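Each chain, written out:
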Amino acid sequence: MAFAIVKGDSIKINYHSPGVRKRIIWGGLVPLDEVWVTGAHDATTLEMPQAFVVNGKEIPAGKFAFFTIPGEKQWTIIINKNWNQHLATEYDQKEDIVRLTVKPIYTQHTERLQYYIDVNNNNAGTITVAWERIKIQLPFQLK
């Protein structure tokens, strides 16, 4: 689990953290260009205690599923209404609240999938997902 305290409330991300274990991750264990739970087993959940803005769209406080579509040159980050899902088998694009395209950033090796939440004094924040030698970032603004 990853969390950050903001004004006495906590932002929470609940996820399963698979390991690399000398496997080919991108295009191997995790197929490219397909919806991924961005973890393992159940969908990764994002709990926001107050309304927030992603890519110009205001999203109410609540609990959401966090999916990605990994690609070689770009990834799609998805926040979806249906947080209670196993893998992406129940995923329905009609339940998407917002989609954002980002470029993967190459970084040092991260053996286990990790989420990080950073929020500054202006209530702007970033959710970072790092695994293997790639990280992606989702900027957001708390209302």
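Engineer: How would you sum up unusual backbone geometry? Please name residues and give values.
Structural biologist: Notably, Lys22 is not glycine yet its phi reads approximately 65 degrees, a positive angle. If you trace the backbone, Lys22 turns up in the loop between β2 (9–14) and β3 (44–48). Located in the positive-phi region is Glu132, a residue other than glycine, with phi close to 60 degrees. Turning to its location among the elements, Glu132 is positioned in strand β10 (residues 124–142).

Engineer: A description of the pairing of strand β9 (residues 105–119) should follow, citing residues and the corresponding values.
Structural biologist: Pairing of β9 with β10, which is carried by nine bridges, proceeds in the antiparallel orientation. Bridge pairing in β10 places Tyr116 opposite Thr128. Connecting the antiparallel pair β9 and β10 is a turn made up of four residues, with Asn123 showing a positive phi of about 65 degrees.

What counts and what doesn't
- Residues numbered from 1 in each chain as written.
- Predicted model: local features only at pLDDT ≥ 70, side-chain atom pairs only at ≥ 80, totals over all residues.
- Heavy atoms only, no water.
- Helix = DSSP H or I, 4+ residues; strand = E, 2+ residues; numbered from the N terminus.
- Pairing = 2+ DSSP bridges.

Note that all results are geometric; they support no functional claim without further evidence.
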